[in-house]
Amino acid sequence: MASTFPDPHPDAHRARMTTPSDHGTASVPVVTDRPGRIEVHGIDHIPDAERHGRPRELFSVWAAANVNYLSLVVGGALVLMGLTLWQAVAVIVVGNLFWVLTGLLATSGPAAGAPSEVITRAMYGVIGNRVNNAVIGWLVSVCYFALNLAAAATAAFALVEMAGLATGTGVKIAVVMAIAALTLAISVYGHALIVRLYLPITLALTAAFTIVAFGVLGHTDFSYAPAEPLTGLDLLATLAAGVTLIASGPLSYTTSADFSRYLPRTSSPKAVLGWTALGAFLPSVIVCSLGAFAATAVDMTDPQTALRELLPGWFYPLFLLALVLGTISVNALTAYSAGLALQAVGVRIRRSVSVLFDGAAAIALTLYGLLVSNLLDTVSNVLQLIVVLIGPAMAVYATDIVLRRCRYDGLALMDETPRGPFWYTAGVNGAGALALGVGVTAAALCVNTLYTGPVAAALGGVDLALPAGMVVSSALYAALMRRSPTVRAARAAG
């Protein structure tokens, strides 16, 4: 008699009906990951026979996702915080160096044939990882989706007004829903469509922002400094806050293995790291810097209006379209990962359905941010505060990759039973949970954004949440896991 219990991995079941066993000997990859069909895999393991592609494909995936309106806003915000132009540029470069960690995490995808949301079972245990995915995975992804959607909607509102329509509440809701629908369509179809679309999107956005660069650089005051330059502790505090603001972008992608897991197991880890990091670093530095350059000539508290003064009239509508397109690109990745995170929490639904659920939550947050709260304040506060969570989480993940030499048994990671190697004690890896918890506590004591922690207060407002949380988590995790049987087994496997 057929079981009446729900399939624990519905996407995996669909994939098994159409693909060979992972132990098969097929010499030609089985094409199940195609741009024109909804992706059949969720958080299940990708068999070797279905692996395909090259690491260089990751460049355009990450490049398209980092040419967006939010980067312009954040770059301009650094100058508004009181930094000189070149101090702001230095902060932008340093903050974006954290993309190297995003690239490092991506190397675990081909090794395991699994998404980040499953690989982190090695760090937190099967049950502990569900909590991790609920907070670090799902909640953070939905928040970023909402922030980026709000940014795209702001640009789209300007297009609507140029068409002669009043942007009342009803129109704003309709615009948000339209952008979200386009974004979620890409996420629902999944990995293959993302890889196929993002190269032409990268080329289109590169062309658009080349014109933006000419317009902005022609008006930039390269010797800009505020009337009262920051000095001493005030300068140090602002520099630290700026690096945290910029670094929150790359640190939020603790899910980068989601987009590399289809690559063959034999893919070069250096190539995966390099193409991921470079694809994100270059456009992010350029677009953030353009925001800072523009802030020396116009008031970037209202970026969409201010930038209009610097661009050719004929190009401004195309610029707004480029902003919307770039934000759709980054949000499609975010929604994709949020869908996997929801599955990893234990919600037994198909990945495509989980993506739609996440989109609905993000739309609700977006409408609040647009209709109730101030966008710039919301962006700054949320991005700085969220580092308290994502900094330590990124550090634990990166440390685990180094400890295991990026050797992960994807099939073993799929074992959610108490007999599995990653069940640990009662489903929780105490080392990972403790390292993350202590790291988050250390960061919270040092933060200075929505509230001022005691350490930040003692240092005159200098926010050291980012380095404190990451260093403490990494050091503690390495010390506790160095002799773990699962780590020893991984190192011995090589």
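Above this text is the structure in question.
## Re the environment of Val462
Then step 1. Examined against the element boundaries, Val462 turns out to sit in the loop between helix 20 (454-458) and helix 21 (465-481).
Then step 2. In this structure, the C-alpha to C-alpha distance between Val462 and Ala237, residues 225 residues apart in sequence, is 4.1 Å.
Then step 3. Filtering out sequence-adjacent residues up to four positions away, Val462 remains in contact with Leu233, Leu236, Ala237, Ala240, Cys446 and Ala456.

## Some thoughts on unusual backbone geometry
Excluding glycine, most residues fall at negative phi; most peptide bonds, likewise, are trans.
Then step 1. If you check the backbone angles, Cys406 has positive phi at about 55° while not being a glycine.
Then step 2. With respect to the helices, strands and loops of the structure, Cys406 is situated in the loop between helix 17 (375-404) and helix 18 (410-413).
Then step 3. Even without being a glycine, Ala426 presents a positive backbone phi close to 55°.
Then step 4. By the element assignment, Ala426 lies in the loop between helix 18 and helix 19 (430-446).

## Some remarks on the packing of aromatic side chains
Then step 1. What the rule picks out here adds up to 15 aromatic pairs.
Then step 2. Note on Phe259 and Tyr336: the rings are 5.4 Å apart at their centroids and 35° apart in plane angle, and the pair reads as tilted. Pair noted here: Phe259 is in the loop between helix 12 (232-251) and helix 13 (269-295) and Tyr336 is in helix 15 (residues 316-345), with a separation of 77 residues, a long-range link.
Then step 3. Residue Phe259 is classed as buried on the basis of its relative accessible area of 4%.
Then step 4. The exposure class assigned to Tyr336 is buried, which follows from its relative accessible area of 0%.

## Digging into helix 21
Then step 1. Over its 17 residues, helix 21 runs 24 Å from end to end, which matches the ideal 24 Å to within 8%, given 1.5 Å per residue.
Then step 2. Listed in full, the buried residues belonging to helix 21 are Ala465, Leu466, Ala468, Gly469, Met470, Ser473, Tyr477, Ala478 and Met481.

## Overview of the packing of helix 11 (residues 191-217) against helix 15
Then step 1. In the contact formed by helix 11 and helix 15, the axes pass within 10 Å of each other and the chain directions differ by 150°. Our classification of the angle between helix 11 and helix 15 gives roughly antiparallel. Two packed elements cross with a definite hand, and for helix 11 against helix 15 that hand is left-handed. Contacts from His191, Ile194, Tyr198, Ile201, Leu205, Ala208, Phe209 and Val212 in helix 11 reach Phe319, Ala322, Leu323, Leu325, Gly326, Ile328, Ser329, Ala332, Leu333 and Tyr336 in helix 15.
Then step 2. Of the residues assigned to the contact of helix 11 with helix 15, the class counts are 15 nonpolar, three polar and no charged.

## Examining the state of the cysteines
Then step 1. Here the structure, examined in full by the defined rule, presents zero disulfides.
Then step 2. Of the cysteine sulfurs around Cys288, a residue in no disulfide, the closest is that of Cys143, at 20 Å.

## Re the side chain of Asp358
Then step 1. By secondary structure assignment, the location of Asp358 is in helix 16 (residues 351-371).
Then step 2. Despite being buried, Asp358 has no salt bridge partner; Arg351 is the closest side chain of opposite charge, sitting 8.8 Å away.
Then step 3. Separated by 2.4 Å, the side chains of Asp358 and Trp138 make a polar contact.
Then step 4. Not counting the four nearest positions on each side in its chain, Asp358 is found in contact with Trp138, Val142, Ala335, Ala338, Gly339 and Leu342.

## Regarding helix 11
Then step 1. With 27 residues, helix 11 should reach 39 Å at 1.5 Å per residue; the first-to-last C-alpha distance of 36 Å fits that figure.
Then step 2. Along helix 11, the largest kink reaches about 30° and is centred on Tyr198; proline Pro200 follows within four residues of it.

Conventions we followed
- Residues numbered from 1 in each chain as written.
- Predicted model: local features only at pLDDT ≥ 70, side-chain atom pairs only at ≥ 80, totals over all residues.
- Heavy atoms only, no water.
- Helix = DSSP H or I, 4+ residues; strand = E, 2+ residues; numbered from the N terminus.
- Contact = heavy atoms within 4.5 Å.
- Phe/Tyr/Trp six-rings, centres within 6.5 Å; stacked < 30°, edge-to-face > 60°.
- Buried < 20%, exposed > 50% of the residue type's maximum accessible area, 1.4 Å probe, protein only.
- Expected span 1.5 Å × (residues − 1).
- Axes fitted to C-alpha atoms, helices over the stretch in contact; angles between N-to-C directions.
- Parallel < 35°, antiparallel > 145°, perpendicular 65-115°, else oblique.
- Left-handed = near helix turned anticlockwise from the far one by under 90°.
- Nonpolar A, V, L, I, M, F, W, Y, C, P; charged D, E, K, R; others polar.
- Disulfide = S-S within 2.5 Å.
- Lys, Arg positive; Asp, Glu negative; His and termini not counted.
- Salt bridge = Lys/Arg side-chain N within 4 Å of Asp/Glu carboxyl O.
- Polar contact = N/O pair within 3.5 Å; in protein donor to acceptor, adjacent residues only side chain to side chain.
- Bend = angle between axes of the 7 residues up to and from the residue.

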